Amino acid sequence: MGRCIWDDVPAGMGWYVERTYPNFADLAKQLPCANNSEQQAIADKLKNRASDTAFLAKLNDGLSDPAVRARIVKIYNEEPAALNAAVDKILEHPEQTADIVRGIQLKSEQPAQAPVQEQPKTPPKTETPSKPVVTAKPENNPASPGAHHIENADNARLQAQMHVMGVYKGDINGSEKDTNAALKEYASHHPELNIKVTDKDLTADQLKAVKDAVAADFDKWSHDKTNAQHLKDTIKAGYDVGALKPANDSVKEMQIAALALGGTLPRFGVDGIRGKETNKALRDIMAPEGQLTKILDAAGIEHEWKSQKPEDKTTKTTPTSAAVRNGETSVITTNFNNRAEGNIDPGIVYQPPRRQAQTFDV
């Protein structure tokens, strides 16, 4: 017997799913266990998003009409391949679930076609053999990027540095086109670069000169004590929001600051959610040789993670479980103002503890 969707809900969490997502729970209980590859694929796709609370909330709203849930069950039993294809659209736009489901045409619902009259047979034509069509194999990309992924890390760092200094308000996406446009605007306000800005794009040498100027200006800006304190406050404000919460502007500013300081967010970018990728970027800039640590040390600003060592067992840690977000796990726990604060969201489906959490005092 194949996977049963409701049975995939972890033990002890059924009551929470029924209370928080009653429409989804009702549908999951109506769907029989998978008995073919298409039904199995549907169950796997839903299981992979079982920990995404934002997705489940939108999906639950999209399943509010009992007729829509009943139609899903009908399609699941009669033409699971059609439902499997539609699930991909639902995963991207769960709020449109009802419209997507209603748009699936079942063979049993299509009107019968009139018989086609047989046409007189004609002698077969002699056709010239055509060249075989070579179909390119799809690239193997198991970890597809998110909607906010970074195209180029170096470009994203420049965009972030200009944003932090208050001279760039565009998207932080690492796009070469957006970055070059921002650098051209930057050059127009810095006559000391001796670059005549026209309607034409900047040359490679001019772009390099402006990039070097941005990096130098940010280094000077960040080593001002007031600005260094602002960077620390920005990181802390975003961190205080918590891990794996809905997108938040404070988290976005924290992510931009992390990019400006040399952190990387290649897959999810500036999405306003602190997950595993963002936690890694924070660890990198807060490491003993990290850029944020160096800046705060140079400015004489205290930071509680300065003396933290991996072997230090005096720091109080919070027992950790891995919280799942789109296939990622978040295991970093951090203490702000010597106050232990874990990352576990009560709305997330948990896995058993796997390893000791890495702790920072910030």
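Refer to the preceding data block for the structure.
Residues numbered from 1 in each chain as written. Predicted model: local features only at pLDDT ≥ 70, side-chain atom pairs only at ≥ 80, totals over all residues. Heavy atoms only, no water.

Caption draft 1: Up close: the overall build of the protein chain. Scanning the protein chain from N- to C-terminus turns up 14 helices and five strands. In the protein chain, which comprises 362 residues, the proportion classed as buried is 43%. For the protein chain, long-range pairs separated by at least 24 residues make up 64% of all intrachain contacts whose partners lie at least 6 apart in sequence. Surface summary for the protein chain: the accessible area is close to 21,200 Å², and the carbon and sulfur share equals 51%. (Helix = DSSP H or I, 4+ residues; strand = E, 2+ residues; numbered from the N terminus. Buried < 20%, exposed > 50% of the residue type's maximum accessible area, 1.4 Å probe, protein only. Contact = heavy atoms within 4.5 Å. Areas by Shrake-Rupley, 256 points an atom, 1.4 Å probe, with all protein chains shown as cover.)

Caption draft 2: Here's a closer look at the nonpolar core. Val210, Val214, Leu231, Ile285 and Leu292 are the most contacted members of the largest nonpolar core, which totals 43 residues. Elements that contribute at least two residues to this core include exactly helix 8 (153–164), helix 9 (176–188), helix 10 (204–222), helix 11 (225–240), helix 12 (249–260), helix 13 (276–286) and helix 14 (291–299). In terms of residues, this core owes the most to one element, helix 12, which gives seven residues. If sequence neighbours within four positions are ignored, Val214 has contacts with Leu158, Gln161, Met162, Met165, Leu183 and Tyr186. Membership of the second largest hydrophobic core comes to 29 residues, among which are Tyr21, Leu46, Val68 and Ile104. (Core = buried A, V, L, I, M, F, W, Y, C linked by side-chain atoms within 4.5 Å.)

Caption draft 3: How the structure looks around the environment of Leu91. Along the chain, the position of Leu91 falls in helix 6 (residues 80–92). The class of Leu91 is buried, set by a relative accessible area of 17%. For the pair Leu91 and Lys45, spaced 46 residues apart in sequence, the C-alpha separation works out to 8.4 Å. In this structure Leu91 touches Lys45, Arg49 and Phe55, once residues within four positions along its chain are discounted.

Caption draft 4: Looking closely at the environment of His230. Summarising the element assignment, His230 is placed in helix 11. Along the chain, His230 and Val164 lie 66 residues apart, while their C-alpha atoms are 9.7 Å from each other.

Caption draft 5: Quick peek at the packing of aromatic side chains. The tally for this structure, following the rule as stated, stands at one aromatic pair. Lying across the ring of Phe55, Arg49 places its NZ or CZ 4.3 Å from the centre. The ring centre of Tyr239 lies 3.8 Å from the NZ or CZ of Arg274, which sits over that ring. (Phe/Tyr/Trp six-rings, centres within 6.5 Å; stacked < 30°, edge-to-face > 60°. Lys NZ or Arg CZ within 6 Å of the ring centre and 35° of its normal.)

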